[in-house]
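# Coordinates in review
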Amino acid sequence: MAVTRTYGLTGGKVKVQIEDLLGKTPGGGWVYQAPGVGNKNAEGAHYYYKSQTADGSHKQAPAAGRFSFNLNITEAGQYSILLRASRDTNNPGDARNDIWIKVDGNTQSVMPKGTPKLTSGGDGFVKYKGATTSWIDAKQFSTPIEGDRNAPSTVVFDKGMHSITFAPRSTGYHIDSVQVIKVGGSKTTASTTQVAAATEAETGKTAVEKLSETVTRPEGTDKVGVALDKAADKTADKGADKAAADGVVSTKIAAASDDFEANKAAASKDLEFGHDGAGEQSVGLRFKAVALDKDAEIKAAYFVFTAAETSKGAAHFEIEVEDTTHAATYTRANGPDARAYLADDVDWDVQAWKKGETYKSADISELIRDVIEDGGSDALDALAFRVSGSGERVAEAFEAKGDNAPELVIEYA
């Protein structure tokens, strides 16, 4: 019988390993798999639902095989639910791509205002979908109405105790861990390198000191922003040299095949993170010419994006690094979901974006340190990252032909 545990959140998030709830003899159709067995790169043991009804996937949430956990929420707000999942094959499509979930007594009742009707499994359960043949964080509730966009797996929690319950639906659907993360974010509103150079000239601060700050351009100060940008243009070369001396390196996407949308798999002027018109997708980012000194101690690292559209809805992304320092460029056959990534990822809670403004990601320095740990920075040729998650944000791509291609910035000592 499954164990129900109660968890608190630390720093606005918690991760629950499925084996902590189901153990090694889970029953109910769930099958225990030891680490290294079945789909690779799982975090410990993982499971899949082995049996189905005569009609295929369970049309209603079955009583057998349910498991749950409780959450003690100390801060009311919106929370993303991310289920680390994979599927054993891409055939026969959606029949291996989902599970039933119930949040509190009825998932629909805790959804943000305006969420469309969700696919019901009875008893308060709804369909939760999203998996590929590689491990990925599923983060989407399904709607049965054609034309409605599937909702991100974001719920609204009041302060107090809440519960999350899963029930099996599909065969071949592997599950590993569950994260619950409070929705939030960080942003900048001008190119990180430009702001550092311009403000250094005006205030005497070093580039490293200025890059460590979050720069916000208040409403009604567009003229100040324009002046700042002009100052940056005049000192760009000087500022870049100074930044390098102070321990900051940056590189931008430099080829159309180095920023890659999994669904489109072709050149595009923008990058749709989280979802595009075809549904959930991953985005790959590959950076060459990372000129990191061999003695560098990485202090911080992040991406800088220019928003191609205004987006206000909740969004939560996960950033992973490919397990190589010689990452190949992307192709249709070798896209971001066809590669091996390190087990750890970085969570990025994203606030609203405004078209034309510049935003930075969560800190990915730990990912970079981990991937170059064995060979050191001398082995660096190209680093590649996968960004996936719930919600939607749209950034300018290399193909936009401007100077706003995604940028990787690394601060080091």
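Before any of the text, the structure's been laid out above.
None of the values given here were measured: they were computed from a predicted structure.

## A look at the overall build of the protein
If you tally the helices and strands in the protein, you get six helices and 27 strands. Every one of the 413 residues in the protein was classed for burial, and the buried ones make up 54%. Of the contacts formed within the protein by residues at least 6 apart in sequence, a portion of 80% connects residues at least 24 apart. Total accessible area computed for the protein in this model is approximately 17,600 Å², and 48% of it derives from carbon and sulfur atoms.

## A few points about the sheet that holds strand β16 (residues 248–252)
An order of β16-β27-β21-β24 is seen for the four strands of this open sheet, with the pairing classed as antiparallel. On the outer flanks of this sheet lie β16 and β24 (358–360), each paired with one strand and no other. Averaged over all pairs of adjacent strands, the angle between their axes in this sheet comes to 20°, without regard to strand direction. Where strand β21 (residues 298–306) lies against β24, three bridges are found, and the strand directions are antiparallel. Paired with Phe 305 across the strands is Tyr 359, a residue of β24.

## Topic: unusual backbone geometry
In this structure, Asp 104 takes a positive phi of about 55° despite not being glycine. Considering the arrangement of structural elements, one finds Asp 104 in the loop between β7 (98–103) and β8 (120–122). Although it is not a glycine, Asp 123 adopts a positive phi angle of roughly 60°.

## Re the environment of Asp 137
Position of Asp 137 among the secondary structure elements: in strand β10 (residues 136–138). Classification of Asp 137 by relative accessible area gives buried; the value is 4%. Setting aside residues up to four positions removed in sequence, Asp 137 forms contacts with Leu 82, Leu 83, Arg 84, Gln 179, Glu 318 and Asp 345.

## Examining the pattern of salt bridges
Applying the stated criterion across every chain, the model contains 15 salt bridges. Between Asp 123 and Arg 66 there is a salt bridge, with its nearest N and O atoms 2.8 Å apart. Within this pair, whereas Asp 123 is found in the loop between β8 and β9 (125–129), its partner Arg 66 is found in the loop between β4 (46–49) and β5 (67–73), the two being separated by 57 residues in sequence. The exposure class assigned to Asp 123 is partly exposed, which follows from its relative accessible area of 47%. Residue classification places Arg 66 among the partly exposed positions, given a relative accessible area of 28%. Residue Lys 182 is joined to Glu 75 by a salt bridge in which the shortest nitrogen-to-oxygen separation is 3.9 Å. Here Lys 182, found in strand β15 (residues 173–182), pairs with Glu 75, found in the loop between β5 and β6 (77–87); they are 107 residues apart in sequence, far enough to count as distant. A relative accessible area of 47% means that Glu 75 is categorised as partly exposed. Here the salt bridges do not stand alone but share partners, grouping Arg 66, Lys 102 and Asp 123 into one network.

## Topic: the pairing of β4
Of the two faces of β4, the one holding His 46 and Tyr 48 and the one holding Tyr 47 and Tyr 49 are both buried throughout. Across four bridges, the pairing between strand β3 (residues 30–33) and β4 is antiparallel. Looking across to β4, one finds that Trp 30 is bridged to Tyr 49. Pairing between β4 and β15: two bridges, direction antiparallel. The residue bridging Tyr 47 from the neighbouring strand is Ile 175, located in β15.

## What to know about the packing of aromatic side chains
The tally for this structure, following the rule as stated, stands at 20 aromatic pairs. On the numbers, 6.0 Å between centres and 90° between planes, the contact of Tyr 7 with Phe 69 is edge-to-face. Linking Tyr 7 in strand β1 (residues 5–8) with Phe 69 in strand β5, this pair joins segments that are 62 residues apart in sequence. For Tyr 7, a relative accessible area of 17% corresponds to the buried category. For the ring pair Phe 260 and Tyr 330, a centre distance of 5.6 Å and an interplane angle of 25° mean the geometry is stacked. On the criterion of sequence distance, the pair formed by Phe 260 in strand β17 (residues 259–261) and Tyr 330 in the loop between β22 (315–321) and β23 (346–350) is long-range, its members being 70 residues apart. An aromatic cluster of three or more residues is present, and its members are Phe 273, Phe 287, Phe 303, Phe 305, Phe 317, Trp 348, Trp 353, Tyr 359 and Phe 385. In this structure, Lys 360 packs its charged tip against the face of Tyr 302, placed 4.7 Å from the ring centre.

About the thresholds
Residues numbered from 1 in each chain as written. Predicted model: local features only at pLDDT ≥ 70, side-chain atom pairs only at ≥ 80, totals over all residues. Heavy atoms only, no water. Helix = DSSP H or I, 4+ residues; strand = E, 2+ residues; numbered from the N terminus. Buried < 20%, exposed > 50% of the residue type's maximum accessible area, 1.4 Å probe, protein only. Contact = heavy atoms within 4.5 Å. Areas by Shrake-Rupley, 256 points an atom, 1.4 Å probe, with all protein chains shown as cover. Pairing = 2+ DSSP bridges. Axes fitted to C-alpha atoms, helices over the stretch in contact; angles between N-to-C directions. Salt bridge = Lys/Arg side-chain N within 4 Å of Asp/Glu carboxyl O. Phe/Tyr/Trp six-rings, centres within 6.5 Å; stacked < 30°, edge-to-face > 60°. Lys NZ or Arg CZ within 6 Å of the ring centre and 35° of its normal.

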